[in-house]
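Notes for the structure review
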Amino acid sequence: MASLKLLYLAIATLLLAYYLYIPLPDSIEEGWKVRLIDATFRTFGHAAGLAELLGLKHYMEVLMLMTSAEYCAPISDENVTVTDTTFNNVPVRVYLPRQESRVLRRAVIYFHGGGWCVGSAAMKPYDLLSRMTSGRLNAVVISADYRLAPHVHFPTQFEDVYTVVKFFLQKEVLAQYAVDPERIGVSGDSAGGNLAAAVAQQLQDDHEITVQLKIQALLYPALQSIDMDTPSYRENAYMPLLKKRLMVTFWSEYFTTDKSLNDAMSTNTHITLESSHLIKFANWSMLLPKEFKKDHVYRKPQHGTSHFVNKFPGILDPRAAPLLADDDKLRNLPRSYLVTCMHDVLRDDGVMYAARLKKAGVHIVHDHYDDAFHGALFFTEWPLNLSIGHRMVNRYIDWLDENL
Ligand SMILES: *[C@@H]1O[C@H](CO)[C@@H](O)[C@H](O)[C@H]1NC(C)=O
Ligand SMILES: *[C@@H]1O[C@H](CO)[C@@H](O)[C@H](O)[C@H]1NC(C)=O
Ligand SMILES: *[C@@H]1O[C@H](CO)[C@@H](O)[C@H](O)[C@H]1NC(C)=O
């Protein structure tokens, strides 16, 4: 009997090790902690997949239930007063520093990540990041809770964050928060970096707004969906924490719940011949430096039916894909900070945008981390604190401090 139990135990251990063990590049530190985190994320993904298969719930709704376990209340601490409110009906979490300030304060408007489908300003890691930003910079932080897919699709997510920005940039509102109109920035990670980049571009043409942004900070942003076969998508399809499959689902879900777009995007056949004039803006063969291109052979996105682009024109809209904006739209962008991670499907989106901004004459600092993966920024609190998470957050806040 005892030996049978031992056998079961051995099998269970092997299965667990098999589940936990994923090959990781040597450059990723604290490998087992990262594997444990990744296994947790994969488990959520599998549970969501199963629930959808059984017809119980939409995949993203299950992921959302799981992220809501991470919610925390707006609790003030010794440094920062935290409150939940709304700006023109869009929920926001506001962080006001308690330190005295003889001058008007700086402000950061932050958009959380989560593929336009999940996440919230109230999630612990985002709350912590906003708190740190506010405390260390003695700045007002506005963290927006825009609506998410599958309940809404593009352009609603964009419009919600744009509403927040437009509301905040009114002279009376800035005065109410004692914010300096010349020292305001937008920032966000992943899908939030996408929204921040889109907001910065769109504000330039908005004549209702007289206040200009001083900076934009884009943390491993998603910037285009016309080519899902860049070297970084090829190399990092199975890296923590964002698999290619999930990113493709996030993109297609941003536009529609119709699964046929997801299928076309995963084979890179969702673009039509008529949209080929935009390919040059995301042509990695032209825009990536050699160290990222390596020996990858460029395959132009294949032309599919015009069905998708006609039905979901958002795919080619710079408000969804800021990398597809004309050079004219880039030239006057504010001072920029851009983070990319080597082991991230979205790496090349960021590297290409950095190249285009630089060429357009925008002042940009591009921090590329050879030893990082998508989502690393989250992990700054024990027991899931990673040294890479601390390094990223510290450099980001230092850059804000020097440039905002
Ligand atoms: C408040 O700020 C101080 C100084 O930066 C820091 O040491 C302390 O940990 C902060 N408190 C909280 C609750 O974050
Ligand atoms: C992409 O760039 C390469 C140059 O590196 C060029 O030869 C190719 O024609 C471009 N493809 C498209 C579709 O723009
Ligand atoms: C994580 O936090 C613990 C407790 O604060 C600390 O001892 C440890 O050095 C931290 N690890 C990293 C990698 O920062």
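The coordinates are above.
Below, the structure is looked at part by part. (Residues numbered from 1 in each chain as written. Chains lettered and ligands numbered in written order. Predicted model: local features only at pLDDT ≥ 70, side-chain atom pairs only at ≥ 80, totals over all residues. Heavy atoms only, no water.)

So, on to the overall build of the protein. Per the secondary structure count, the protein includes 15 helices and eight strands. Seen along its three principal axes, the alpha-carbon backbone of the protein occupies a region of about 75 × 55 × 40 Å. Counting all 404 residues of the protein, 57% fall into the buried class. For the protein, long-range pairs separated by at least 24 residues make up 75% of all intrachain contacts whose partners lie at least 6 apart in sequence. Here the protein displays about 17,800 Å² of accessible surface, and carbon together with sulfur accounts for 57% of that area. Side-chain charges in the protein split into 40 positive and 45 negative, and the spacing between the mean points of these groups amounts to 2 Å. (Helix = DSSP H or I, 4+ residues; strand = E, 2+ residues; numbered from the N terminus. Buried < 20%, exposed > 50% of the residue type's maximum accessible area, 1.4 Å probe, protein only. Contact = heavy atoms within 4.5 Å. Areas by Shrake-Rupley, 256 points an atom, 1.4 Å probe, with all protein chains shown as cover. Lys, Arg positive; Asp, Glu negative; His and termini not counted. Charge placed at Lys NZ, Arg CZ, Asp CG, Glu CD.)

Another point: the packing of helix α5 (residues 156–168) against helix α7 (residues 191–203). Viewed as axis vectors pointing N to C, α5 and α7 meet at an angle of 60°, and their least axial separation amounts to 10 Å. Taken as axis vectors, α5 and α7 run oblique relative to one another. At the point where α5 passes α7, the crossing takes the right-handed sense. Along its contact with α5, which presents Gln157, Phe158, Val161, Tyr162 and Val165, the element α7 presents Leu195, Ala198, Val199, Gln202 and Leu203. (Axes fitted to C-alpha atoms, helices over the stretch in contact; angles between N-to-C directions. Parallel < 35°, antiparallel > 145°, perpendicular 65-115°, else oblique. Left-handed = near helix turned anticlockwise from the far one by under 90°.)

Attention now moves to the site of ligand 1. Close to ligand 1 lie Asp77, Glu78 and Asn79, which account for all nearby residues. One of the side-chain nitrogen or oxygen atoms of Glu78 is found 2.9 Å away from a nitrogen atom of ligand 1. Asn79 places a polar side-chain atom, nitrogen or oxygen, 2.4 Å from an oxygen atom of ligand 1. Protein burial of ligand 1: of its 360 Å² of free accessible surface, 32% is covered by the chains. (Near = heavy atom within 4 Å. Polar contact = N/O pair within 3.5 Å; in protein donor to acceptor, adjacent residues only side chain to side chain.)

For the structure shown, the criterion picks out 27 salt bridges. Its salt-bridge partner being Glu29, residue Arg391 comes within 3.7 Å of it at the nearest N-O pair. Of this pair, Arg391 sits in helix α15 (residues 387–403) while Glu29 sits in the loop between α1 (2–20) and α2 (31–53), placing them 362 residues apart in sequence. Owing to a relative accessible area of 32%, Arg391 belongs among the partly exposed residues under this scheme. Between Asp84 and Arg93 there is a salt bridge, with its nearest N and O atoms 2.7 Å apart. Arg93 gets classed as buried once you look at its relative accessible area, which sits at 3%. (Salt bridge = Lys/Arg side-chain N within 4 Å of Asp/Glu carboxyl O.)

Moving on to the packing of aromatic side chains. Counted under the stated rule, the structure contains 19 aromatic pairs. Their ring planes at 70° and their centres at 6.0 Å tell us that Phe154 and Phe255 sit as a pair that is edge-to-face. Taken together, the positions of Phe154 in the loop between β4 (140–144) and α5 and Phe255 in helix α9 (residues 244–255) put the pair 101 residues apart, joining distant regions of the chain. A single burial state applies to Phe154 and to Phe255, both of which are buried. Taking the ring centre of Trp32 as reference, the NZ or CZ of Arg35 above it sits at 4.6 Å. The ring of Phe281 is capped by Lys280, whose NZ or CZ atom sits 4.7 Å from the centre of that ring. (Phe/Tyr/Trp six-rings, centres within 6.5 Å; stacked < 30°, edge-to-face > 60°. Lys NZ or Arg CZ within 6 Å of the ring centre and 35° of its normal.)

Another aspect to go through is the site of ligand 3. In the region of ligand 3, the neighbouring residues are Glu30, Trp382, Asn385, Ser387 and His390. Considering only residue class, the shell around ligand 3 consists of one nonpolar, three polar and one charged. (Nonpolar A, V, L, I, M, F, W, Y, C, P; charged D, E, K, R; others polar.)

All right, on to helix α4 (residues 124–137) then. For α4, with 14 residues, the first-to-last C-alpha span of 20 Å sits near the 20 Å given by 1.5 Å per residue. If you check which residues of α4 are buried, you get Pro125, Tyr126, Asp127, Leu128, Leu129, Ser130, Arg131, Thr133, Ser134, Gly135 and Leu137. Residues of α4 that are buried in the fold lie against β1 (80–87), β2 (90–97), β3 (105–111), β4, β5 (179–189) and α15. One or two positions beyond α4, positive phi appears at Asn138, with a value near 50°. (Expected span 1.5 Å × (residues − 1).)

Here we take up the nonpolar core. Counting 97 residues, the largest nonpolar core has Phe111, Phe168, Ile184, Met247, Trp251, Phe255 and Tyr353 as its most contacted members. At eight residues, the largest contribution of residues to this core is made by α7. (Core = buried A, V, L, I, M, F, W, Y, C linked by side-chain atoms within 4.5 Å.)

A few words now on the environment of Val92. Within the element layout of this structure, Val92 appears in strand β2. Linking Val92 and Arg105, residues 13 residues apart in sequence, is a C-alpha distance of 19 Å. With residues near it in sequence (within four places) discarded, Val92 still touches Thr83, Asp84, Thr85, Thr86, Phe87, Ile142, Ser143, Ala144, Asp145 and Val164.

The subject of this paragraph is the side chain of Ser190. On the secondary structure map, Ser190 appears in the loop between β5 and α7. Not counting chain neighbours up to four residues away, the residues in contact with Ser190 comprise Gly113, Leu219, Tyr220, Pro221, Ala222, Leu346 and His374.

A separate point is a nonpolar patch on the surface. A cluster of nonpolar side chains, Leu4, Leu7, Tyr8, Ile11 and Leu15, forms an exposed patch at the surface whose accessible area comes to about 510 Å². For Ile11, the position within the fold is in helix α1. (Patch = residues over 30% accessible without salt bridge, like charges linked within 9 Å, V, L, I, M, F, W, Y side chains within 5 Å.)

The next subject is unusual backbone geometry. Glycine aside, negative phi is the norm for most residues, and most peptide bonds take the trans geometry. Cis geometry is adopted by the peptide bond preceding Pro150, which originates at Ala149 and carries an omega value of 5°. Tracing the sequence through the fold places Pro150 in the loop between β4 and α5. A cis amide bond links Pro240 to the next residue, Leu241, at an omega of -15°. One non-glycine residue, Glu30, adopts positive backbone phi at about 50°. Here Glu30 lies in the loop between α1 and α2. Taking the relative accessible area as the measure of exposure, Glu30 reaches 31% and is therefore partly exposed. Of note, the phi angle at Lys294 is positive, near 45°, even though the residue is not glycine. One can find Lys294 in the loop between α12 (290–293) and α13 (307–311).

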